[in-house]
Amino acid sequence: MRVVSLGSGSSGNALLIEAGPRGRTKLLVDAGFSVRIIAERLHKIGVHLTQLQGVLVTHEHSDHVLALPGLMKRYNIPVVTNPRTYAVIEEGLATGMWRSDSGKLISSQQETTPLLDVANEATADISVQNGGEVALEEPVAPDVRNSPTLFLPLEVGASRIIGDITVTSFPISHDAVAPCGYLLSAGGCRVCVVTDSGEVTPAMLDMMRLADLLVLESNHDRERLLRGPYPYYLKARILSSTGHLSNDQAAEAVLRTWRGDSVRWLWLSHLSRTNNTPTLARSQMRLRLKEAGANLAQLHISVSPPAMGHTWDSTQLWHTSSLWEMPG
Ligand SMILES: [Zn+2]
Ligand SMILES: [Zn+2]
């Protein structure tokens, strides 16, 4: 399995998951940038949009769905989500308008998302490295063109096999119609994606416990948010049980799903630019784990940036020497 973060935060979210021989099954989890930005970031890692078998959608906020009209209409890429979320997506496809995470209406024509949190994000990472233009109008792959529908339903709590990947959806707590996280399994490896949740529930912990790579929201530092510039209603919404996970809540969740018998990877994601910093999120996580007596050698912690981020390859699981060096 290969997992690549194409960007994370309120300016947009997208994650590429690949599995199977030569990475033949390719899925996105969320597509919250313009089609052009997604195409350019995929190009950097040798992937073309026509190779995608689907986009798993966690919920209908613009920072997770902005590219869907283009991906569906121009590239015939199916959307995988629950029927309630898809009903709202259909409205967005018809009107061209999407609800942002902070409640504003956003047009899908916009190349970037003007959210409260993204003042300087605009063109930070849209240039293509390695030279070359990315062609957005290439022909659609035949296997995708022939798909009978562009909506593959996956009820929250259910599982579905897509190519080489088994996808399990589970409920999270966010102010969207039917928000969910995903557990993706292939070749004995598991990746769990949990962002945009105001609280951590037992159902979420059950899934997070299974993950080799956990992509977990660590949105804000509570004190920083309370003292920061956001209006009261927005602070209240972020702190509510259907808002976003704080650094403390993320640490608590990791401690409650601690596995002493293996090495795991943790990507702290969906960080607020105003109410958090990568250093703060990472150091608070490390501090909490240290205080609880956890062996930090068992956890590789990194922060997913708003622009193109990390790559995780499941072969790291078999190559990591610390598995054998760990004290009993
Ligand atoms: Zn979001
Ligand atoms: Zn959201």
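Residues numbered from 1 in each chain as written. Chains lettered and ligands numbered in written order. Predicted model: local features only at pLDDT ≥ 70, side-chain atom pairs only at ≥ 80, totals over all residues. Heavy atoms only, no water.

*Asks:* Any details on the overall build of the chain? Residues and values, ideally.
*Replies:* Each helix and strand in the chain was counted, giving 12 helices and 16 strands. Counting all 328 residues of the chain, 57% fall into the buried class. Contacts in the chain between residues at least 24 apart in sequence constitute 69% of all its contacts with a sequence separation of at least 6. When the accessible surface of the chain is totalled, it reaches about 13500 Å², and 53% of it is carbon and sulfur. (Helix = DSSP H or I, 4+ residues; strand = E, 2+ residues; numbered from the N terminus. Buried < 20%, exposed > 50% of the residue type's maximum accessible area, 1.4 Å probe, protein only. Contact = heavy atoms within 4.5 Å. Areas by Shrake-Rupley, 256 points an atom, 1.4 Å probe, with all protein chains shown as cover.)

*Asks:* Let's hear about the sheet that holds strand β8 (residues 151–153): which residues, and what values?
*Replies:* Spatially, 7 strands are ordered β8-β5-β4-β3-β2-β1-β16 in an open sheet, and the strand pairing comes out mixed. Two strands bound the open sheet, and with one partner strand each, they are β8 and β16 (311–313). Averaged over neighbouring strand pairs, the angle between their axes works out to 25° when direction is ignored. Here strand β3 (residues 25–31) runs beside strand β4 (residues 54–56); their pairing, made up of 3 bridges, is parallel. Within β4, the position partnered with L28 by the bridge is V55. The strands that helix α1 (residues 35–44) touches are β1 (2–7), β2 (14–19) and β3; relative to β1, the one it contacts most, it runs at about 140°. Across the sheet, helix α4 (residues 83–95) touches β5 (79–81) and β8, and the angle it forms with β5 is around 135°. (Pairing = 2+ DSSP bridges. Axes fitted to C-alpha atoms, helices over the stretch in contact; angles between N-to-C directions.)

*Asks:* Give a detailed account of the coordination of the zinc ion (ligand 1), specifying residues and quantitative values.
*Replies:* In the first shell of the zinc ion (ligand 1), the protein supplies D63 (OD), H64 (NE2), D196 (OD) and H270 (NE2), at 2.1 to 2.3 Å from the metal. Metal-centred angles of 92 to 161° between the 4 donor atoms at the zinc ion (ligand 1) mark the site as irregular. If you look at the zinc ion (ligand 1) and the zinc ion (ligand 2), they sit 3.6 Å from each other and are both ligated by D196. Assessed through its relative accessible area of 0%, H64 is described here as buried. (Donors = N, O, S within 2.8 Å, 3.2 Å for Na, K, Ca; no water. Tetrahedral: all angles 85-135°; square planar, octahedral: opposite > 155°, others 65-115°.)

*Asks:* Talk me through the coordination of the zinc ion (ligand 2); I want residue IDs and the actual numbers.
*Replies:* Donor atoms from the polypeptide that coordinate the zinc ion (ligand 2) comprise H59 (NE2), H61 (ND1), D101 (OD), H174 (NE2) and D196 (OD), at 2.0 to 2.6 Å from the metal. In the primary sequence, the donor residues of the zinc ion (ligand 2) line up as H-x1-H-x39-D-x72-H-x21-D.

*Asks:* With reference to specific residues and values, describe the nonpolar core.
*Replies:* With 33 residues, the main nonpolar core has L28, I38, L42, L49, L68 and L71 as its most contacted residues. Listed by contribution, the elements that provide at least two residues to this core are β1, β2, β3, α1, α3 (68–75) and α4. Looking at this core element by element, the count peaks at 5 residues for α1. Grouped together as the second largest cluster of nonpolar side chains are 29 residues, V194, M208, A250 and L289 included. (Core = buried A, V, L, I, M, F, W, Y, C linked by side-chain atoms within 4.5 Å.)

*Asks:* Any details on the pairing of strand β10 (residues 165–171)? Residues and values, ideally.
*Replies:* Here is the key point about a regular strand: its side chains alternate between the two faces of the sheet. Across the 7 residues that make up β10, a large majority, 5, are buried. Bridge count for strand β9 (residues 159–162) against β10 is 4 bridges, and the pairing is antiparallel. Opposite R160, over in β10, you have V167 as the bridge partner. Note that β10 and strand β11 (residues 180–186) share 6 bridges and pair antiparallel. From the neighbouring strand, S169 faces β11, where its bridge partner is Y182.

*Asks:* Lay out the sheet that holds β11 in plain terms, naming residues and giving numbers.
*Replies:* Taken in spatial order, the 7 strands make up an open sheet running β9-β10-β11-β12-β13-β14-β15, and their pairing is mixed. Two strands close off the open sheet at either side, each with one partner strand: β9 and β15 (299–303). When strand polarity is set aside, the average angle formed by the axes of neighbouring strands in this sheet is 20°. Two elements, β11 and strand β12 (residues 189–194), share 5 bridges in a ladder whose sense is antiparallel. Within the sheet, the bridge partner assigned to A186 lies in β12 and is C189. In the packing of helix α10 (residues 278–291) onto the sheet, the strands contacted are β14 (264–269) and β15, and the crossing angle to β15 comes to about 160°.

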